[in-house]
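An overview of the molecular structure
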Amino acid sequence: MMKFGVTLGFIFALQAALTMANEKVIAEILPSPSESAWLEIDWKTDLWEARREAVRTGKPIYLWEMDGHPLGCV
Amino acid sequence: MTDRLLVFSDPEVQKLLKDKFVAVTGDDWFQRRRNDDEGEFFRAVVAQSPRRESHTKQGHYVLTAGGKFLGFNNNRGPERRLKMMREALEKWEELRDSEKGLEVPGQGKVDGRYHPELPEGAQIVKVFTRCLEEEEGKLRKMSDGQVGHQAAVDHLWLRREEIAEFGRLLASGGGEFPQDVAVRIAKFHLLDNTRGEPRSWKKDEIKEWSLKVDAQGVISGSFAIASNDETMGYRGTIKGRLVVSGGRLEHFEALVLGKHWGESQYTRGARPGKTPLGQFFRLNEGKLARDRIPPQGIRWAPGYWEPEG
């Protein structure tokens, strides 16, 4: 029983350590606040909706076009 | 991605965009092909711009709601972009009110081939990818300034019936991921997209594959994928956790760590040799427009949904 308890405890400790290590790596992978600053702009994704809003607000449209969605993979 | 850091993180650009423009994004690959009102509108704007003769229509346009072209720029760097924006605003100010405030017509039938939308009941998993460096046994993000040092983002879409299949799998004690989901992840999401658009993997390039979930929802897997000439490849492990409740994913997280090598036509500048790559998959509620944009790999939708076919 003791041996089982020690073994189980060791496994839990190992899992916890692995999880902490994972969390550190995940934090390295995720975009940092400075990388995400460009998302402070209220980017729309629907050109027709942007047209309607442009009329409503009396503003011109700024359209960012890329091969590969600008808010996506590239 | 340079635009994101250099231009759209610039406070002056941000202020001008927020105060004076309606900012919208589009995937040129879809938009220039759309055979519907939006496609026609876009092509009519491009026809007034310096991009009229180009195959690609990539770039930054300023236009009115009615489709009058006011400015274009495709240079990186805030100064030139600000200059273009200010010049476009001057043109805007010179327009008659009737040119600024046209009534926007209703949108006709949408060309679904080039306007993929999240299917009813489907869910979104955001996929973050980053080139890593190994230092004293620890993985860190690649140093700033190196090509491809930024995190890339894509979206994995899972259909309602695939999520239900996960539920059945958990209830029956676990097993291999549903085949379509597994191949979709392998072909379209285990990619290094940190320097641009990578090509997707072909089925016969998946040399080794295992991706399982157990009864507790613990995900584990390993993979080896490589082009047949072995100039490009990715080998690694996957671990994570998923929870299904009431036919919906309540939780989905997976960490992929591996070594990637090589590059494809639009991802030039890869580091030499086999280098660490990290990916993190996380369930997203899709509340923001930017979270609902389609997966990069869905350009041919049947191939994305049924990648075995």
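Owing to the predicted nature of the structure, the values given are computational and were not obtained by experimental measurement. (Residues numbered from 1 in each chain as written. Chains lettered and ligands numbered in written order. Predicted model: local features only at pLDDT ≥ 70, side-chain atom pairs only at ≥ 80, totals over all residues. Heavy atoms only, no water.)

Considering the packing of aromatic side chains
The following threshold applies: Ring pairs are drawn from Phe, Tyr and Trp, using the six-membered ring of Trp, whenever the two centres fall within 6.5 Å, and their geometry is named by plane angle: stacked under 30 degrees, edge-to-face over 60, tilted for the rest. Numbered from the N terminus, helices here are DSSP runs of H or I no shorter than four residues, and strands are runs of E no shorter than two. Only protein chains enter the area calculation, which uses a 1.4 Å probe; residues under 20% of their type maximum are buried, those over 50% are exposed, and those in between are partly exposed.
Tallied over the entire structure, the rule returns 19 aromatic pairs over all chains. Measuring from ring centre to ring centre gives 6.3 Å for W157 of chain B and W305 of chain B, while their planes differ by 25°; the resulting arrangement is stacked. One end of the pair, W157 of chain B, is in strand β6 (residues 152-158); the other, W305 of chain B, is in helix α9 (residues 301-305), with 148 residues separating them in the sequence. Considered together, W157 of chain B and W305 of chain B belong to a single accessibility category, that of buried residues. Taken together, a centroid distance of 4.9 Å and an interplanar angle of 75° make the contact between F223 of chain B and Y234 of chain B edge-to-face. Taken as a pair, F223 of chain B in strand β9 (residues 218-226) and Y234 of chain B in strand β10 (residues 233-245) lie far apart in primary sequence, eleven residues in all. Relative accessible area serves as the criterion here: at 0%, Y234 of chain B is assigned to the buried category. Taken together through their ring pairs, the aromatic side chains of W38, W43, Y62 and W64 of chain A together with F8 and F21 of chain B make up a single cluster.

Let's talk about the interface of chain A and chain B
Reports often express the size of an interface as the amount of accessible area lost when the parts come together. Where we set the bar: In what follows, residue pairs with any heavy atoms lying within 4.5 Å of each other are defined as contacts. Here the quantity called buried area is the accessible surface, traced with a 1.4 Å probe, that two parts lose on coming together, added over both. Between Lys or Arg on one side and Asp or Glu on the other, a salt bridge is scored when a side-chain nitrogen of the former is within 4 Å of a carboxyl oxygen of the latter.
Taken residue by residue, the interface counts 46 residues in chain A and 78 residues in chain B. Buried area between chain A and chain B, both sides added, is near 6,000 Å², and the carbon and sulfur share of it is 62%. Across the contact surface, chain A and chain B share two salt bridges. One salt bridge in this structure joins R130 of chain B and E35 of chain A, with 2.8 Å as the shortest N-O distance.

Things to note about the nonpolar core
The condition is simple: Put simply, a nonpolar core is a bunch of buried Ala, Val, Leu, Ile, Met, Phe, Trp, Tyr and Cys residues held in one set by side-chain atoms that sit within 4.5 Å of each other.
Ranked by size, the top nonpolar core spans 43 residues in total, and within it F177, L190, L242, F252 and F281 of chain B carry the most contacts. Ranked by the residues each element gives to this core, the list is headed by helix α8 (residues 179-189) of chain B, at five residues. Ignoring anything within four residues of it in the chain, the contact list for F281 of chain B reads V125, K126, V127, L156, I185, H189, L190, F252, E253, A254 and V256 of chain B. Formed by 24 residues, the second largest nonpolar core is a distinct cluster that contains W43 and Y62 of chain A together with F8 and L82 of chain B.

Focus: the pattern of salt bridges
All names here are of chain B. Scanning all chains against the criterion turns up 29 salt bridges over all chains. Two residues, E87 and K83, come together in a salt bridge whose shortest N-O distance is 2.9 Å. Of the two residues, E87 and K83 are both situated in helix α5 (residues 78-94); the distance of four residues between them amounts to about one turn of the helix. We classify E87 as partly exposed; its relative accessible area is 38%. The residue E197 makes a salt bridge to R299 at a minimum N-O spacing of 2.7 Å. Here E197, found in the loop between α8 and β8 (206-214), pairs with R299, found in the loop between β12 (275-284) and α9; they are 102 residues apart in sequence, far enough to count as distant. Of the two residues, E197 and R299, neither departs from the other in class, the shared state being buried.

Some points on the packing of helix α2 (residues 11-20) of chain B against α5 of chain B
Residue and element names in this part refer to chain B. Note the following rule: To obtain each axis, a line is fitted to C-alpha atoms, and for helices this fit is confined to the stretch in contact; angles are then taken between N-to-C directions over 0 to 180 degrees. Each angle is binned into one of four classes, with values under 35 degrees roughly parallel, values over 145 roughly antiparallel, values of 65 to 115 roughly perpendicular, and all other values oblique. If you view the pair so one helix is near and one far, a crossing is left-handed when the near helix is turned anticlockwise from the far one by less than a right angle, and right-handed when it is turned clockwise. Under this grouping Gly is polar, as are all residues other than the nonpolar Ala, Val, Leu, Ile, Met, Phe, Trp, Tyr, Cys and Pro and the charged Asp, Glu, Lys and Arg.
Interhelical geometry of α2 versus α5 gives an angle of 25° and a closest axis separation of 10 Å. As the angle between them shows, α2 and α5 are arranged roughly parallel. Once α2 is placed against α5, the crossing between them reads as left-handed. Counted together, E12, V13, L16, L17 and K20 of α2 and P78, L82, M85, R86 and L89 of α5 form the full contact between these two elements. Per-class residue counts for the contact of α2 with α5 are seven nonpolar, no polar and three charged.

Side note on the side chain of R130 of chain B
Formally: Two N or O atoms form a polar contact when they lie within 3.5 Å of each other; inside protein one atom must be a possible hydrogen donor and the other a possible acceptor, and for residues adjacent in sequence the pair counts only when both atoms belong to side chains.
In this structure, R130 of chain B sits in strand β4 (residues 123-135). Accessibility expressed as a relative area gives 1% for R130 of chain B, which makes it buried. Polar contacts involving the side chain of R130 of chain B include one to the side chain of E35 of chain A, which spans 2.8 Å.

Overview of the side chain of T56 of chain B
Checked against the element boundaries, T56 of chain B lands in the loop between α4 (37-46) and β2 (59-63). In this structure the side chain of T56 of chain B is engaged in a polar contact, spanning 3.2 Å, whose partner is the side chain of D28 of chain B. Here the side chain of T56 of chain B touches Q58 of chain B through a polar contact of 3.1 Å, landing on its backbone nitrogen. For T56 of chain B, the contacting residues outside a window of four places in its chain are D67 of chain A together with D28, R32 and R51 of chain B.

Re α5 of chain B
It helps to recall that an α-helix has 3.6 residues per turn; residues three or four apart then point in one direction. What counts here: One fewer than the residue count of a helix, multiplied by 1.5 Å, yields its expected span.
Given a rise of 1.5 Å per residue, 17 residues ought to cover 24 Å, and the 24 Å separating the end C-alpha atoms of α5 of chain B matches this to within 8%. Those residues of α5 of chain B that are buried lie in contact with β1 (61-66) of chain A together with α1 (2-6), α2, β2, β3 (69-73) and α6 (97-100) of chain B.

Regarding the domain arrangement of chain B
All names here are of chain B. Spelled out, the test is: Just so you know, the domain bounds were taken from an automatic or database domain assignment.
Partitioning chain B into structural domains gives domain 1 (2-109) and domain 2 (118-305). Taking only C-alpha atoms, the centre of domain 1 and the centre of domain 2 are 33 Å apart. Contacts between the two partners involve six residues from domain 1, matched on the other side by five residues from domain 2. Summed over both sides, the interface between domain 1 and domain 2 buries roughly 500 Å², with carbon and sulfur atoms accounting for 55% of that surface. Taken as a group, L5, W29 and F30 account for 68% of the area that domain 1 buries against domain 2, more than any other trio of residues on that side. Where domain 1 touches domain 2, the interface holds one salt bridge. Our count for the contact surface shared by domain 1 and domain 2 stands at one residue pair in polar contact (both at pLDDT 80 or more). At the level of secondary structure, the elements contributing two or more residues to the side of domain 1 that touches domain 2 comprise α1 and α3 (28-31).

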